[in-house]
Each structure stands twice: as structure tokens, then as C-alpha cells.
Amino acid sequence: MLFAWKYMRPYWKRMVAGIVLGCICGLTASSFIWATRTLVDRLEPLKTVEENRAAEARKLKASPPKIIKFPELQKQIDAAKKNVADTIDPWLPRAGVTFHWKHLVGGLLLLPLLALIRGSTDYASSYCTGWVSERVVNDLRCDILIKLTSLSLDYFNRTTTGDMFTRLSADTANLHRAMRQGSADLIKESVTMITVFAVLLWLDWQLTLFAFVLVPAVILPLFILGKKARRASREGRKANVGQNSLLGEALHGIRVLKAFNLEARQIQRFRDFSKQLIHHSMKGVQAKEMVNPILEVVSSAAVGGLVVYLFWRGQSLGDLVAFVSGVIFFFVPVKKIAAVHILFEQASIGVERIVEILQEKPTVVEPANPKPLKNFERDIVFDKVSFSYGHELVLHEVSLRIPRGTKVGIAGESGSGKSTLVNLLFRFYDVTGGSIKIDGIDVRELSYEDLRRPMALVSQDVFVFRTTAAENIAAGRIGATRPEIEAAAHSARAHEFIMNLPLGYESVIGERGMTLSGGQRARLAIARAFVRNAPILVLDEATGSLDSQTEQEVQNQIDSLEQNRTVISVAHRLSTLASMDLIIVLAKGRIVEQGKFDDLVRAKGIFARMAARQGIYPAE
């Protein structure tokens, strides 16, 4: 609840209203005890009641119980009782008294009126707390997403999609349930317990203390069960994360599963996680359901002892009914609060995980006072750049200058550090040593906006949003107009296939663009780069996943996109680098060769051997 207060603060007025209404609802519960005793007492004639009271007083005077008395307090209680009795007496029927129209009104409306007050305040309190909890959890989910998008790529390399989904959905859902159900019950039932206890003290404080002597026996079992529920929830969450991760693997890798007949293996792994989840869920169910038997045994013992004591003291029927119903009224909220305790213990694990991710710090941080970069004008410089993902160095003192308007290709075997250079340029990671500068400014001194605004990225893994074709292209530059979007699509040769979609540019592309071919997805990515109109174009294996014919078609659009731009092209297919002004060759994180395409092919070095494997030979 302390964690949630930060999110409750904007809605404090509605929360206070829920608390106040919950308190009123709790106060009305005690009124039923008073009303029950009053109505039962009035079944006897007034004279008989007075005689019973007098006999009870004589008996207590003859052998008073050894309990400390508070005369002044008792006088005040007796005076309050008399005032209440004098007020309601004309409105309620009594045995031996002539029936009057006021008796009809009071008898018919007393209990319904109390029920109406309790029911309406209960509804209003639950509505207010529910209103707050919905908004609190929504704000919390937005904050988690904001935090996730602010974290550096290294966080996503060391966590799983299933874990992130679980934090965003299951953990917040548990907190939502605890707030929506638990907070309302905690307020109403706590006040109900207090007011019921107070009314019973008002009716007979000595008898009340006797009746509730067993209440402390409930505390220890509830504490133990709460810890048990907490442990079960923690272990269950681990199984849930594993299951969600496995589900993500199965859905994203469905083609591989089917191709290698791995469906049964994946399903068995899913079942193994399910067994663990069931086991720990049942531990939580055991902890929650054991509350009722414990409370029922304790409350039954209290009621039994109370009944015996009432008969021993010779109390009236009204006292018997009032106190027995009072004990029941008291232990019902105790039962609900015990369930709330278990609910909070289960939700606390999710809260810990939510707090953990909200406290996660990105390793790549924007500078507090960034330097401005309005336009890219001179060059990009890699100055003795070294980098490690945490173990061995991936890059070793790489130095490279790319003047504005130059087209640079980057080649090398897999694992040589090609894509790492791109990641460092976009500052997805920070260099371990050296620096990268744009127009003489270290990229670590620039804001993300200024750094990435002059750059457009086209990569092998084309990401397509589950939205319209127009919005997918406009993702390259927020606020792009429809004519600009269509012009970009024409330049990327994407206009024709977009118009063949059911709704043209307003057609919603399926999740991950699976309804499009690889070439179509690549053209969308190129259209994004066109609409961005950035002076620096970064190509990271842009045609690496395409077949030869589609690659040539897409390469034509890329060639058009490269015009009048500074280009950094990472490529495995060396033929796409033929038009580059300069090609650098990486091996084990170092630049081992550099030069023009034809010169490198004739040099008979690493580049030439790679070219030969792809059927590229020097011209004779």
C-alpha cells in the first residue's frame, strides 16, 4: 500500500471519499446488533423486562464478578442508552402496548433503512476504491512500459520476454486485485470490527471482554499462513515466467518447431512448468482456505462459551440474541480481513518485482546538459573505439573517419564486430574505450533526439507494427503528411503492393508483418527511411534475408535512397558494397583491410577470399 500511495496521490479525493464511505458502512454494521436486541426485548411487556433487569441487578449485587469497574463510564453509558431508548420508543411496537401507526412505520422501516444505508455506502465505497485502483494500475503499467523503453539494450539481453510480460500483466493484475478487493474490505471490515466491539462494550463491557478472550488465538495462525502464501506466490511466479517465455518461443518460432517436429517436446516443457505452477498455486490455495476453518473453530468456541456464560448469569433473551449475533458480526469481518492479509501477501511478490524493474537504471544515460547538434555537416569519427559486452573485447581500438557524403561499407566474418559499430553509433551501448564523434561532439554529450534525428536505419530484421501501412511508413518521421508518405512509398517501390491491400494505405498490417513477403517488408523499411529524409543512412544487412531476385529489386531502391547521403553499409553479401567509396574489413574486432571494392578483391586478402566464396573474382 505504501508503494501504491505514490500512484494514489493524484486521485486522493476519490480515495478519501471511498475511505469515508467505507467507515460509514462499517459503522452501520453495529446498528444491526442494537436493532436486533431492541426488537427482541420489545417482544416482552415493559413490566416483564423491568422485572428481569431488576432480578439481574440483585443477583450481580449479591455475587458480583471479580472484574474492575468504572462507575463514571458506566453512568455515561447508561445515560446514552436511556436517551436512545426514549427517542425510538414511540416508533417501535412493544408487547402489551396499544398498536399505533408509528409502530407500523418504525417496524417496517427500521431494518430496511439500516440495510439501505449499509448497502448504498458499501456500493459507493467499492466504486470509489475501484475507480482509483483502475487508474492506479493503468498509470503503473504505463510507467513500467516507459521504464522498459528507457533501459539500455543490455537489460534486454539478460532478461526474457516472458519475465517482462509477467511484470507488466500478471504482477500488476495481482496488485490490482489486492487494491480493488483488499483496500475496500480492509476499510469496511476494520471499521465494522471496531464498531461491533464498541457496541458490545456499550451493551455490556464485562460480557464483551469475556466473549473475545479467544481473539488473540487467531493472530499466530494467520501470520504463519501469510508467510506460506508469500512463499508459494514467489515460487509460482518463477514458474509463470518460465511458462510465458516458453509460450513466446513456441509462437515466434512456430516454423522451426514444425520443421523439426518439436511440437511434442515444447508441449512437454510447457506441461512441466504447468505442474510447477499448479503445485505452488495449490500451496497458496491451502494457505488461503485454512483461514476459514481456524476462524470458525475459534468463533464457535467463543459463541459456545458466551451462551454458557449468559445462561449462568441469567441474562435476558435480548442479551443472548444481541451478543451471539454480535460475536458473529465480529468474526465475519475478521474472516474477510484474514483473506485480505493472504491477498496482500500474494500481491507483495509482484510488487517487489515491479519495484525492482522501476528501480532498474539504464547503463546508457542521456547527459544532464546535452550539447546541441542542429545539422550534420562535417564528419563521423570513430577514435580508437573499443567495446565489450561484458567478457572479451568485441572491438579493439577501431579508428575511422567518415566525411559527410561518403559511402562506407563494413565487411567481415560473422562475429567480427560489424553490427556492434552500428549499435555504438546509435548509442544503444556506450563504448568501453575511445570515443565516437559527430561533427566533433562526442555522442555521449548529445541528447538521444539530437543524436538519432540525422540518422535512418534499415536493418535485416525489419520490424512491422501492427497498424496501418501508412502509419508504418510514418514511423520514420512522426507527423509526416499523407503526400509525403505516398511519395516515400513510390520511391521505395512499395506503392503498388500497398494499393493492392484491401484498404490500401489504411490496411492494418498483421502482427510482425507476417502477411507480407520479405521483399514487401523490406520496401516498407526503405519507405520509412525515405520519409525520414535523414542525411546519414545506416544499412545493417538490409538485404541479408532476401533471395537473389528480391535482393536485386530492393537494392535498386537502396541505391536510390543512398543518393546525396552519408552511408554506412554493413553487409555480408559483398556485391552490395560495390558502389561504396571506402570499404573496411573487420576481423576479431580490428580493421585489417580497407580500400575500394576492386582494390580489395585484387589484394588477395581476407576480403578477396570472402568474395571468392561468393563467386566474385577480380576483373582480368
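Remember, predicted model here, so these are calculated numbers, not experimental data. (Residues numbered from 1 in each chain as written. Predicted model: local features only at pLDDT ≥ 70, side-chain atom pairs only at ≥ 80, totals over all residues. Heavy atoms only, no water.)

**Quick look at the overall build of the protein chain**
Helix and strand counts for the protein chain come out as 21 helices and 10 strands. Looking at the protein chain as a whole, 45% of its 620 residues are labelled buried. Sequence-distant contacts in the protein chain: of pairs separated by 6 or more residues, those separated by 24 or more amount to 77%. Just so you have it, the protein chain exposes about 32,500 Å², and 60% of that area is on carbon and sulfur atoms. (Helix = DSSP H or I, 4+ residues; strand = E, 2+ residues; numbered from the N terminus. Buried < 20%, exposed > 50% of the residue type's maximum accessible area, 1.4 Å probe, protein only. Contact = heavy atoms within 4.5 Å. Areas by Shrake-Rupley, 256 points an atom, 1.4 Å probe, with all protein chains shown as cover.)

**Topic: the packing of aromatic side chains**
Under the defined criterion, the tally for this structure stands at nine aromatic pairs. Between Y389 and Y429, the ring centres sit 5.3 Å apart and the planes meet at 90°, which makes this aromatic pair edge-to-face. Taken together, the residues Y389 in the loop between β1 (379-388) and β2 (393-403) and Y429 in the loop between α13 (418-425) and β4 (433-438) connect sequence positions 40 residues apart. For Y389, a relative accessible area of 43% puts it in the partly exposed group. Judged by its relative accessible area of 9%, Y429 falls in the buried class. (Phe/Tyr/Trp six-rings, centres within 6.5 Å; stacked < 30°, edge-to-face > 60°.)

**Some thoughts on the nonpolar core**
Counting residues in each nonpolar core, the largest one holds 33 residues, and the members touching the most others are I380, F382, L421, L424, L425, I436 and I438. If you list the elements that add at least two residues to this core, you get β1, β2, β3 (407-412), α13, β4, β7 (536-540), β8 (566-570) and β9 (582-587). A488, A494, L524 and A542 belong to the second largest nonpolar core, which has 32 residues in total. (Core = buried A, V, L, I, M, F, W, Y, C linked by side-chain atoms within 4.5 Å.)

**Regarding the sheet that holds β3**
If you walk across this open sheet you meet the six strands as β6-β7-β8-β3-β9-β10, and the pairing is mixed. Every interior strand has two partners, whereas the edge strands, β6 (455-459) and β10 (590-595), have only one. Averaged over all neighbouring strand pairs, the angle between strand axes comes to 20°, with direction disregarded. Here β6 pairs with β7 via five bridges, running parallel. Paired with V458 across the two strands is L539, which belongs to β7. Its contacts with the sheet put helix α21 (residues 606-613) on β3, β9 and β10, and the angle it makes with β9 is roughly 95°. (Pairing = 2+ DSSP bridges. Axes fitted to C-alpha atoms, helices over the stretch in contact; angles between N-to-C directions.)

**Quick look at the environment of N564**
Relative to the assigned elements, N564 resides in the loop between α19 (548-562) and β8. Residues N564 and I536 lie 28 residues apart in sequence; the distance between their C-alpha atoms is 9.5 Å.

**A closer look at helix α5 (residues 101-150)**
With 50 residues, α5 should cover 74 Å at 1.5 Å per step; its first-to-last C-alpha distance of 72 Å lies within 8% of that length. Helix geometry: α5 is bent most strongly at L109, by close to 40°, with proline P112 lying one to four residues after it. (Expected span 1.5 Å × (residues − 1). Bend = angle between axes of the 7 residues up to and from the residue.)

**Some words on the pattern of salt bridges**
Summed over the entire model, instances satisfying the criterion amount to 15 salt bridges. The salt bridge involving R453 is made with E449; its shortest N-O contact spans 4.0 Å. Taking relative accessible area as the criterion, E449 reaches 53% and is therefore assigned exposed. Beyond isolated ion pairs, a larger network of salt bridges with shared partners links E449, D450 and R453. (Salt bridge = Lys/Arg side-chain N within 4 Å of Asp/Glu carboxyl O.)

**What about the pairing of β1?**
It is a general feature of regular strands that their side chains alternate between the two faces of the sheet. Counting buried residues along β1, seven of its 10 residues qualify, which places the element largely inside the surrounding structure. Pairing geometry for β1 and β2, over seven bridges, is antiparallel. Each bridged residue has a counterpart across the sheet, and for V381 the counterpart in β2 is R401. Here β1 folds back onto β2 in antiparallel fashion, the turn holding four residues, of which G390 has a positive phi close to 135°.

**So, α21**
Inspection of α21 places F607, A608, M610 and A611 among the buried residues, and these make up the whole buried set. Buried residues of α21, viewed axially, fall in a sector of 160°; they line one side. Tucked inside the fold, the buried residues of α21 contact β3, β9, β10 and α20 (597-602). Downstream of α21 by a residue or two, G615 has a phi angle that is positive, lying close to 80°. (Arc of directions from axis to C-beta.)

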